[in-house]
Structure formats: C-alpha cells, structure tokens
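For reference, the chains in residue letters:
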Amino acid sequence: VHCAPVSKAQLRLRVQNPMPIIQTVDHQLVTRLATLDVPVDANGDFAPQNGLNKLVVAERHHATGNVGVGIVKGLTLSCGAIAATVAHDSHNIVVAGDNDDDILLAIDAVRKVGGGFCVVGSGKVLALLPLPIAGLMSDAPVETVLQGQRDLLRAAKSIGANDESDPLVLLSFLALPVIPEVRLTDIGLFDVCHSAFLYRTKE
C-alpha cells in the first residue's frame, strides 16, 4: 500500500445542486445514477446527512495523491466510516462515511497494516482485518479471517450500515467503473452507461 497522505482539504466536495450521486440497490452490485439537492455546510461543501454518505477513493499504488470524492445513498452509515483496499479492479483505498475525521482515521488504519478492511466509529477503530498480501489477501488461518469478517460486519451494523446488502462487498464494488450505472474512481465520478465523467475531482 503506497498511498500519499490524504488531507481533510482533499475530502471537500463543492456542491452545485442538484448533484449526481450513487444510489445503491439492495441485494445487487448495480447502482443507479440519481440527481438530488444535497445538504451543504457553511462553505458550500457537501455535508453528509439524511442517509447520504461521503464516498472517497484514494490511489494507493504509486502515491499519486489522486483522491476522488462522491456521494452515495444506501449505505446509511452514521458516526463512522468503513474502508477497504479490496476495491475492484484497481484496488485503491475506498472508504464511505458520514464525517471526515472518521474517514481519515479509516484510511490511515488500513494504510498502516498494509491493506485490509476497517470499521471506525466515533473516532475509534472498531474492527480491523489486515490483508498484508497486496492489500487483498491474508496469510492468517481461515478461522482467524472469518472471525475478523464477523467482527467487521458487527461493527458496520453498529454504525448503521444497511444490512440488506453486505456493506463490505458493496463498498468493494463502488469503485469498479464497468458495472452500470455510476461509480467513483480516484479522479472523479464516472457514468458507466455513457463512458464519461460526470465530474472530476482530479484534473
């Protein structure tokens, strides 16, 4: 995992309502492109609330500093964040959450262990499953990995994750720009159906 430091400034998403967002679909990996008026803070940046979470993809192979930021509806996270380095097919760091502090903590946690899955809640790492082989696989015994997965799912539920779909699996596909309709990459929000970026956060 070779990820450049991610700053809070890089997590800002300037809003020009209505905004294109990723709408998840229960029990499926496909997403829907929705356009909504989203909440903003005093600076005019996206403020996660009302079931809308911030989604972040940080490049983690060559420390380019690329960070894509978007909005996802359907994960329903509150007071926390979930991060993973399993993010098909580029396998960058993907993280969703409702506040920047927990998002940054989750990114840092998976970076420090050489990749894996992490759930953060209210400023604390609640569960962490290291995947030291390329940030994708573990060399630990299968029972250890299974227990780690159970701990992650329990922690994800504690921060409000929608249990209609496995949040770990769903998160790992939100950055795959070949499945309809819309995905987030490390340079922006991508409309798969029209093979075009809806906006770029990295020019």
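Right, let's walk through the structure included here. Here the structure is a predicted model, which is why all the values come from computation and not from measurement. (Residues numbered from 1 in each chain as written. Predicted model: local features only at pLDDT ≥ 70, side-chain atom pairs only at ≥ 80, totals over all residues. Heavy atoms only, no water.)

**Structural notes on the overall build of the protein**
Here is step 1 of the chain: Of regular secondary structure, the protein possesses 3 helices and 11 strands.
Here is step 2 of the chain: Taken over the C-alpha trace, the protein has a radius of gyration of 15 Å; the compact-globule value for 203 residues is 17 Å, and the two agree within 12%.
Here is step 3 of the chain: Principal-axis analysis of the C-alpha atoms places the extent of the protein at approximately 50 × 35 × 30 Å.
Here is step 4 of the chain: When the 203 residues of the protein are sorted by exposure, 51% land in the buried category.
Here is step 5 of the chain: Expressed as a percentage of contacts within the protein between residues at least 6 apart in sequence, the contacts between residues at least 24 apart total 54%.
Here is step 6 of the chain: Carbon and sulfur atoms make up 54% of the accessible area of the protein, which amounts to about 9,100 Å² in all.
Here is step 7 of the chain: Separation of charge centres in the protein, based on 16 positive and 21 negative side chains, amounts to 3 Å. (Helix = DSSP H or I, 4+ residues; strand = E, 2+ residues; numbered from the N terminus. Rg over C-alpha atoms; globule rule 2.2 N^0.38 Å. Buried < 20%, exposed > 50% of the residue type's maximum accessible area, 1.4 Å probe, protein only. Contact = heavy atoms within 4.5 Å. Areas by Shrake-Rupley, 256 points an atom, 1.4 Å probe, with all protein chains shown as cover. Lys, Arg positive; Asp, Glu negative; His and termini not counted. Charge placed at Lys NZ, Arg CZ, Asp CG, Glu CD.)

**Side note on the packing of aromatic side chains**
Here is step 1 of the chain: One pass over the full model with this rule turns up 1 aromatic pair.
Here is step 2 of the chain: Ring geometry for Phe-190 against Phe-197: centres 5.1 Å apart, planes inclined by 70°, an arrangement best described as edge-to-face. (Phe/Tyr/Trp six-rings, centres within 6.5 Å; stacked < 30°, edge-to-face > 60°.)

**Regarding helix H2 (residues 142–158)**
Here is step 1 of the chain: Between the first and last C-alpha of H2 there are 24 Å, a value that for 17 residues agrees with the 24 Å anticipated at 1.5 Å per step.
Here is step 2 of the chain: Along H2, the residues that are buried comprise Gly-148, Leu-152, Ala-155 and Ala-156. Projected down its long axis, H2 shows its buried positions confined to an angular sector of 100°, all on one face. Opposite the buried face of H2, at more than 90 degrees from it, the exposed residues are Val-142, Glu-143, Arg-154, Lys-157 and Ser-158.
Here is step 3 of the chain: On its buried side, H2 packs onto strand S5 (80–84), strand S7 (116–121), strand S8 (124–130) and helix H3 (167–173).
Here is step 4 of the chain: Downstream of H2 by one or two residues, Gly-160 has phi in the positive range, about 95°. (Expected span 1.5 Å × (residues − 1). Arc of directions from axis to C-beta.)

**Side note on a nonpolar patch on the surface**
Here is step 1 of the chain: On the surface, Ile-133, Leu-136 and Met-137 cluster together into a nonpolar patch covering about 240 Å² of accessible area.
Here is step 2 of the chain: For Met-137, a relative accessible area of 49% gives the class partly exposed. (Patch = residues over 30% accessible without salt bridge, like charges linked within 9 Å, V, L, I, M, F, W, Y side chains within 5 Å. Salt bridge = Lys/Arg side-chain N within 4 Å of Asp/Glu carboxyl O.)

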